Amino acid sequence: MRLIQMFTAAAIALASTFAIADDAADQAIRKSLANLELEVPIETISASPMSGLYEVKLKGSRVLYASADGQYIVQGNLFALKDGKPVNLTEITERQGISKLINGIPVAETVVYPAIGETKSHITVFTDTTCPYCHKLHAEVPELNKRGIEVRYVAFPRQGLGSPGDEQLQAVWCSKDKKAAMDKMVDGKEIKAAKCENPVSKQFALGQSIGVNGTPAIVLADGQVIPGYQPAPQVAKLALDAK
C-alpha cells in the first residue's frame, strides 16, 4: 500500500538542497550506469539528503539512486520523515521534472480549450481520438472550463505511430482550426487535412518518457500524472490544488 504523500514546504526545501556530486562519485556512477546500458541519458548526479547516497536524474524525470562508488544502484522511492510522517522525496523530484517538461510544451503545439472567465489552473491531457474514455473526458471539458480550468491536449496515439489514432491525430494537428477538428473527430466525423509537419510523434515520445502508457493521461501543473478518466469535479479539485 502506498504511503500518503506529504507535499510540504519543508519537503520541497529538502529536495532542492542537493549538492552536485564530486568528480570521483560522478565518474564512478556514470561508469556503472554505462555498463547497465541504460537507454535514457543521465541529466544530473547530485548528493541526496541521505548520507552516502546520490540522486541520478534521467531524461524524462525518472530518478535512480546510487552509492558513491557506483557499486549499488537503487530504483525506488526515498522517503524523509517530517514530524513522524513520510515525505516522498523521489516523487517530489520526479514531479518537478515532469512539470518542467510538460509546461515547456509550446501552447501553439497543443489544442487549447480556454477557461471561461478567470483561468485558475490548467491541465495537459495526452489523448487519442480513437479512445472511448478520451471521448468521455472530452464531453466534460466544458464543465472544466466553467470551473476555471484550461485544458491543453497533446497527442498520444495509444496503438503507436502509424495506427489509425496516429493518422487521426495528425489530421487534427494539421487542421487550420485544431479545436474544431478535435471536436469533429471525437464526434465520429471525418475530417480532411493536408499532411504537414506536426508534433504528434514528438509528443508521443514525450509521453512515453514520463511513463504514459495509455489514454487519457492527465498531467497537472505541478507535474502529477493521473492515469485514466476522472470526473470533471474531481479533476478540477486536483488541478486547483496543484496550481
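Quick caveat, the model's predicted, so the values are computed rather than measured.

Caption draft 1: Structural context of the pairing of strand 10 (residues 217-220). Of the two faces of strand 10, both are covered, the one formed by A217 and V219 as well as the one formed by I218 and L220. Bridge count for strand 10 against strand 11 (residues 225-227) is three bridges, and the pairing is antiparallel. Residue pairing for strand 11: I218 is matched across the bridge by I226. Taken together, strand 10 and the strand that follows it, strand 11, pair antiparallel across an intervening segment of four residues, in which G223 is found at a positive phi of about 95°.

Caption draft 2: Highlighting the sheet that holds strand 7 (residues 111-113). Read from one edge of the open sheet, five strands run 7-9-8-10-11, paired in mixed fashion. Both edges of this open sheet fall to strand 7 and strand 11, since each of them pairs with a single strand only. Taking each pair of neighbouring strands and ignoring which way they run, the sheet shows an average axis angle of 20°. The sheet contacts of helix 7 (residues 178-186) involve strand 7, strand 8 (121-127) and strand 9 (149-155), and relative to strand 7 the element is tilted by about 85°.

Caption draft 3: Inspection of the environment of C134 at higher detail. Mapped onto the elements, C134 comes out in helix 4 (residues 132-139). Sequence spacing of C134 and P216 is 82 residues, and the spatial spacing of their C-alpha atoms is 5.3 Å. Those residues in contact with C134, other than ones at most four positions away along the chain, are T127, D128, T215 and P216.

Caption draft 4: Here's a closer look at the sheet that holds strand 1 (residues 42-47). Sheet architecture is open: four strands sit in the order 1-2-3-4, paired in antiparallel fashion. The open sheet has two edge strands with one neighbour each: strand 1 and strand 4 (73-74). Direction of pairing for strand 2 (residues 53-58) relative to strand 3 (residues 63-67): antiparallel, over a ladder of five bridges. Among the inter-strand pairings, V56 is bridged to a residue of strand 3, identified as L64.

Caption draft 5: Examining the pairing of strand 9 more closely. Of all seven residues that make up strand 9, seven are buried, and the element is covered over most of its length. Alternating residues of strand 9 divide into I149, V151, Y153 and A155 and E150, R152 and V154, and every residue in both groups is buried. Where strand 7 and strand 9 come together, three bridges link them in antiparallel fashion. Across the sheet, residue Y113 finds its bridge partner in strand 9, namely V151. Pairing between strand 8 and strand 9: seven bridges, direction parallel.

Caption draft 6: Here's a closer look at the pattern of salt bridges. A complete count under the given rule lists ten salt bridges for this structure. Of the charged contacts, one joins E167 and K195 as a salt bridge, the two residues approaching to 2.9 Å between their closest N and O atoms. Remark: K195 occurs in the loop between helix 7 and helix 8 (200-209) and E167 occurs in helix 6 (residues 164-173); sequence separation between them is 28 residues. The partly exposed category is assigned to E167, whose relative accessible area is 38%. Where K189 meets D187, a salt bridge forms, and the shortest distance between an N and an O atom there is 3.7 Å. Each member of the salt-bridge network shares a partner with another, and the members are E91, R95 and D222.

The rules we used
- Residues numbered from 1 in each chain as written.
- Predicted model: local features only at pLDDT ≥ 70, side-chain atom pairs only at ≥ 80, totals over all residues.
- Heavy atoms only, no water.
- Buried < 20%, exposed > 50% of the residue type's maximum accessible area, 1.4 Å probe, protein only.
- Helix = DSSP H or I, 4+ residues; strand = E, 2+ residues; numbered from the N terminus.
- Pairing = 2+ DSSP bridges.
- Axes fitted to C-alpha atoms, helices over the stretch in contact; angles between N-to-C directions.
- Contact = heavy atoms within 4.5 Å.
- Salt bridge = Lys/Arg side-chain N within 4 Å of Asp/Glu carboxyl O.

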